[in-house]
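Structure assessment
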Amino acid sequence: MEKYLRENFDVESKNSSDEALRRWRSAVSMVKNPRRRFRMVADLAKRAEAERKRRKLQEKIRVAVYVNKAALQFVGTIDDKKTHYKLSNEVRDAGFGIEPDELASIVRTHDSKGLGSHGGLEGLARELSVSLKDGVVSSDIPLRQNIYGLNRYVEKPSKSFWMFVWDALHDLTLVILMVCAVISIGVGIPTEGWPKGMYDGVGILLCIFLVVLVTAMSDYRQSLQFRDLDKEKKNIIVQVTRDGCRQKVSIHDLVAGDVVHLSIGDQVPADGVFISGHSLSVDESSLSGESEAVNVTQETPFLLAGTKVQDGSGKMLVASVGMRTEWGRLMVTLCEGGDDETPLQVKLNGVATIIGKIGLAFAVLTFLVLTGRFLVVKALQNRITVWSGSDALKLLNYFAIAVTILVVAVPEGLPLAVTLSLAFAMKKLMSDKALVRHLSACETMGSVNCICTDKTGTLTTNHMVVNKIWICQKTTEINSRENEDVLNISLSEKVLNLLLQSIFQNTSSEVVKGKDLKKNIIGTPTETALMELGMLLGGDFNAYREEDNIVKVEPFNSNKKRMSVLVAFPGSGGFQAFCKGASEIILKMCDKIVNADGEAIPLSEEQRKDITDVINNFACDALRTLCLAFKDIKGTSSADSIPEDGYTLISVIGIKDPVRPGVREAVKTCLAAGITVRMVTGDNINTAKAIAKECGILTEDGIAIEGPDFRDKSPQEMEEIIPKLQVMARSLPLDKHTLVTHLRNVTKEVVAVTGDGTNDAPALHEADIGLAMGIAGTEVAKENADVIVMDDNFSTIVNVARWGRSVYINIQKFVQFQLTVNVVALMLNFICACVSGSPPLTTVQMLWVNLIMDTLGALALATEPPHEGLMKRPPVGRDVKFITRIMWRNIVGQSIFQILVLLIFQLKGKQLLKLTGPDADSILKTFIFNSFVFCQVFNEINSRDMEKINVFRGIFDSWIFLIVIISTVAFQFIIVEFLGTFADTVPLSWELWLASILIGAASLIIAVVLKCIPVRESKLIVEHHDGYEPLPTGPELA
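Figured I'd write up the structure that's included with this text. Predicted model, so just to flag it, every value in this text is computed and none were measured.

1. Considering the packing of helix α25 (residues 663–672) against helix α26 (residues 685–695)
Running from N to C, α25 and α26 point in directions that differ by 70 degrees, and their axes come no closer than 8 Å. One finds that α25 runs roughly perpendicular with respect to α26. Note on element contacts: α26 touches α25 through Lys693, Glu694 and Cys695, opposite Val663, Arg664 and Val667. Among the residues forming the contact of α25 with α26, the class breakdown is three nonpolar, no polar and three charged.

2. What about helix α29 (residues 733–745)?
The first and last C-alpha atoms of α29 sit 18 Å apart over 13 residues, in line with the 18 Å expected at 1.5 Å per residue. Turning to α29, its buried residues are Pro733, Asp735, Lys736, Leu739, Val740, His742, Leu743 and Arg744.

3. Re unusual backbone geometry
Glycine aside, residues mostly have negative phi angles, and peptide bonds mostly take the trans form. Despite not being glycine, aspartate 243 shows a phi value in the positive range, around 55 degrees. Turning to its location among the elements, aspartate 243 is positioned in the loop between β1 (237–242) and β2 (245–250). Of note in this structure, arginine 730 is not a glycine but carries a positive phi near 50 degrees. Inspection of the secondary structure puts arginine 730 in the loop between β23 (725–729) and α29.

4. Description of the pairing of β2
Of all the six residues making up β2, five are buried; the element is thus mostly covered by neighbouring parts of the structure. Pairing analysis gives six bridges linking β1 to β2, with the strands arranged antiparallel. Looking at the pairing, threonine 241 lines up with arginine 246 of β2.

5. Digging into the pattern of salt bridges
Counted by the stated rule, this structure contains 31 salt bridges. Here glutamate 749 ties to arginine 678 by a salt bridge, and the two come within 3.8 Å at their closest N and O atoms. One end of the pair, glutamate 749, is in the loop between α29 and β24 (751–755); the other, arginine 678, is in strand β21 (residues 676–680), with 71 residues separating them in the sequence. The class for arginine 678 is buried, based on a relative accessible area of 2%. Counted as one network, the salt bridges with shared partners bring together Asp454, Lys736 and Asp760.

Calculation notes
Residues numbered from 1 in each chain as written. Predicted model: local features only at pLDDT ≥ 70, side-chain atom pairs only at ≥ 80, totals over all residues. Heavy atoms only, no water. Axes fitted to C-alpha atoms, helices over the stretch in contact; angles between N-to-C directions. Helix = DSSP H or I, 4+ residues; strand = E, 2+ residues; numbered from the N terminus. Parallel < 35°, antiparallel > 145°, perpendicular 65-115°, else oblique. Contact = heavy atoms within 4.5 Å. Nonpolar A, V, L, I, M, F, W, Y, C, P; charged D, E, K, R; others polar. Expected span 1.5 Å × (residues − 1). Buried < 20%, exposed > 50% of the residue type's maximum accessible area, 1.4 Å probe, protein only. Pairing = 2+ DSSP bridges. Salt bridge = Lys/Arg side-chain N within 4 Å of Asp/Glu carboxyl O.

Structural data, given as structure tokens:
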């Protein structure tokens, strides 16, 4: 079976090829209900059509932009073809001066001349009735939405409950049974009279109605969960200025006239016009297909929705939103086709196909045996030519039984159970601060055996404060506001002014008024810590920014590891450059140092060594280290570039970023679960090592290396060090990508990697699981990730791994349970048909059993919450068998027990139960049906743990499981005691009820015996970097 599944039903968890997707689709067969089975499967034809539409639209956008740019080179070329818009009364009465379509056209076509005709940016702001400084007034938002539209895109309406009922009714076997039921009623009434003749047919119809209703309710509930997750995925938070205050709003709440703040990695949320900013460039490849970045300036001020900020920062005036943007039209095509199916869904489609073929063979054989026996009996009685309505009913009943065997035999619920389990896990993870963007990520996390994690914000709190400062050859510790006086007294006015200038001028942060009118610092945690230091020293951010004119800004990025700014002195014609960043890098750029009087003096080698010692001492105290430096530039020739050497060192800053509570325990949990944790950070190696030791990541025999050294290693050297590599410091995003690629392709590990920056996108895309940070992460990083960690906490990542393992093990539990029912139902019906000429279970009873094992079984077992024991076993390997030997042991053992017990009662039940009288046959059949159902109920409890003896552990934590079990038992009681007319049952005495329950409960004892039988699993032994051996599985755990 495994070989067949691997050849035909094997797909990658990420970026699977179209060939693999088509291969399993062509291999799948025996599908009772394609509409339901393939509801969560990508439609490759629709996807191809959507891709064709997307490319066509991209080409149209690209041509339009190029034509417009070319036309603007010639004065008056586009003037004649310009559409003239007349201001409508509705827009005029609302207090606006420009039509929505005209505004959208100006930005979409990059019409600089059209913008100029409205008075440029300021004129546009007047016509939109907005202040560029204070933004829109909140009370105007409904009016703006009414005139200029909502920032939402047209989406397919969600399916109603009745659509799921309709889908469930498309089950071919149920349709055949409905036809059989109608024929049964039509033949039964003339033959057996009213109302007796309609009971069998109505019973089947009622059971089909129950199956359809429960199935539709389960599917509809899943769809609601996926809809909530989809809404959360599309909800991007945007920074705007409204009512004169900086605030965060949902992308869906943006309106025309909003002033939006953009920074590296952001997605442009709407079409708009550039207000101000520094070095702003955007990547328009998502819209036009062009990979070259576009610089946004006052001369080329147009920004299009859906593009990504590649560099710099700026402010933009929103012009058009929603479906008036090209991105809105493109988004309609992007949602076509659906997501790729997960490896487990595909594999279980293969299992369902194999079992379905076996089931079909048994159904045909059963029908042939029953029909053959019937014809032989008629021939022996010399009545082969005499046929009556009752004979026709018998043959119809045999056909219905064969179809019902097929209903039970084809495990349609197997692939759907994966979807159910994933939907449940994703919903729970969302409440636990993890947003799963791709279905397959949830199950792949169960196989992860390596996590490459960032340090800042993931292992640490990301709440940074300046703890130490070295300036003028002295180190001062800043633990509280009292230290402000110590620092102020020790610094001359000139040095203090230089320090404050380097903090306030060279920053991407802003000091803004919040809704509570208090001053808030908006920026990264590092920037915020520096700004707080500046304000602690008595500096006024706005005063410093107003004094000088910032000419050029080079924002911080992961490659350069520094931020620089060029400031023009007012009136003097000179410039001053400020630079800050990674301490070693900035120190190399300096050849002078500020003395106590604020004068720049040459930096000697001895001083350089002393400063390096200071940096290392700070780093060994687990502080992030930064250097601040400046350079005076005379003349105006250097206005276009910021120098890269010849700086004067001002100070070394040590910033404290404490380790998050619970991280050490989470790392310990990972190691116990066979998951290696590696830290990859851009920080100083001593800082990284100190934090790694505190977290329990760096062990005595572990390797810590710097990015430049790692890059210089040959492939052979990498192969030697990577198994023991635990910390990589001063790394570039490319180093992270190289490490992930090597781990996946060479050591064959299943790798999860965290990332927050735009440059982390390739590594997030390459990894088996990309984990983007929800707070610190850019939109580009989130877009390339599989899971968004909403609280940026490493413990949340461990929780995702726990749920991933839970999904995998829950599906295995359900498969074990369903295959047991399949085997017993098939063998029991076939043997009884051969031996006695009549199956032990009627069509209605079999449909009820099918409901127990399919939809209800999936609900019970596929939604079990994870327990701590899951993180005390090794991860599931890449190529392990899904149906393990342990599962086969349990399936075969329980099947043999159930078949033997039920056959004994089928053949010798009257004697064993001492049944006499005219109702003896009916009571025996009801007793066998009741015992069979209770065998499944207790086997469902057995399936809660495939290896350990105590299957009741945590049962009260799984409320869905309890509800399903109680409902099954309650409805079984109703069927037996009150619905005998339709279900072909009779009420049982309390003794027989007790006997049925005890027979079912005996499977608990059988399970204990089976779990003591040792099973050798064929598995791949993986040697881990820290020398631990794989944890025991199988009987050792029992």
